[in-house]
Amino acid sequence: MRVLRALVGVLLSSSAALAEPLSRDEVPEPLRPWIDWVLRGHESETCPRIQGAGTRACVWPGRLSLDLGASGGSFEQSVFLAIDSAVALPGGDGGAWPEDVRADGAPISVVAGSESPTVRLARGSHTLSGRFVWSAPPPGLRVPLQTGIVDLTLNDERVARPRRDAAGTLWLRDGSAAPAAGPAENRVDVEVHRLLVDAVPPQLTTVITLRAS
């Protein structure tokens, strides 16, 4: 029991102090066989900490490459997992369900997640790939918000600046633009005029003009 208590302290004390946890190689040899047992249910404590955010991220998606056309397309993405985790895939709405999904070249099962189709992967680095089939391109394709970089090729032409909204939709209409219809822009123009009178005491008159639309 003393050995287990010592292992808990070694593994978790650095987390309490907002420091990086020990790697497996840094844990004393007699305690290493107990690492997985002690961390069961607390696996996320070993995930990298996000600088300044005070949180940890266990799934780190890399660049997402999309090659789409009139009848479908394909995708490829690298991803690093600090622990065994579910990974969200692009697509899942508007008839854009990913098909023939593979992880490191091997077929893998896809399940419906709360917001996106997902696959379950073991910790480590992986390459995901798959394809889409549709009778007509959807106006947009859902992309997980955790994916930061998207390379989009649409009808054999690379889109320099793909358009994504806050909900995670990658717009395919007109190459990179969202539908024209939308909420009106809120705008405020401010003009400030000041008049200084050199007297005793000095006088400063300020006129502020606001135009809101």
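Report follows, based on the coordinates. (Residues numbered from 1 in each chain as written. Predicted model: local features only at pLDDT ≥ 70, side-chain atom pairs only at ≥ 80, totals over all residues. Heavy atoms only, no water.)

## Looking at the environment of Ala82
Right, so step 1: Summarising the element assignment, Ala82 is placed in the loop between β2 (72-81) and β3 (85-88).
Right, so step 2: On the basis of relative accessible area, Ala82 is assigned to the buried category, the value being 14%.
Right, so step 3: A sequence separation of 22 residues divides Ala82 from Trp60, and the C-alpha atoms of the two residues are 8.3 Å apart. (Helix = DSSP H or I, 4+ residues; strand = E, 2+ residues; numbered from the N terminus. Buried < 20%, exposed > 50% of the residue type's maximum accessible area, 1.4 Å probe, protein only.)

## Quick look at the pattern of salt bridges
Right, so step 1: Following the criterion strictly, the structure yields four salt bridges and no others.
Right, so step 2: As a salt-bridge pair, Asp151 and Arg63 come within 3.3 Å of each other at their nearest N and O atoms. Remark: Arg63 occurs in strand β1 (residues 59-68) and Asp151 occurs in strand β10 (residues 150-154); sequence separation between them is 88 residues.
Right, so step 3: One salt bridge in this structure joins Arg102 and Asp100, with 3.3 Å as the shortest N-O distance.
Right, so step 4: A residue is classified by how much of its surface remains accessible, and Arg102, at 29% relative accessible area, is partly exposed.
Right, so step 5: One network of salt bridges, in which partners are shared, links Arg63, Asp151 and Arg158. (Salt bridge = Lys/Arg side-chain N within 4 Å of Asp/Glu carboxyl O.)

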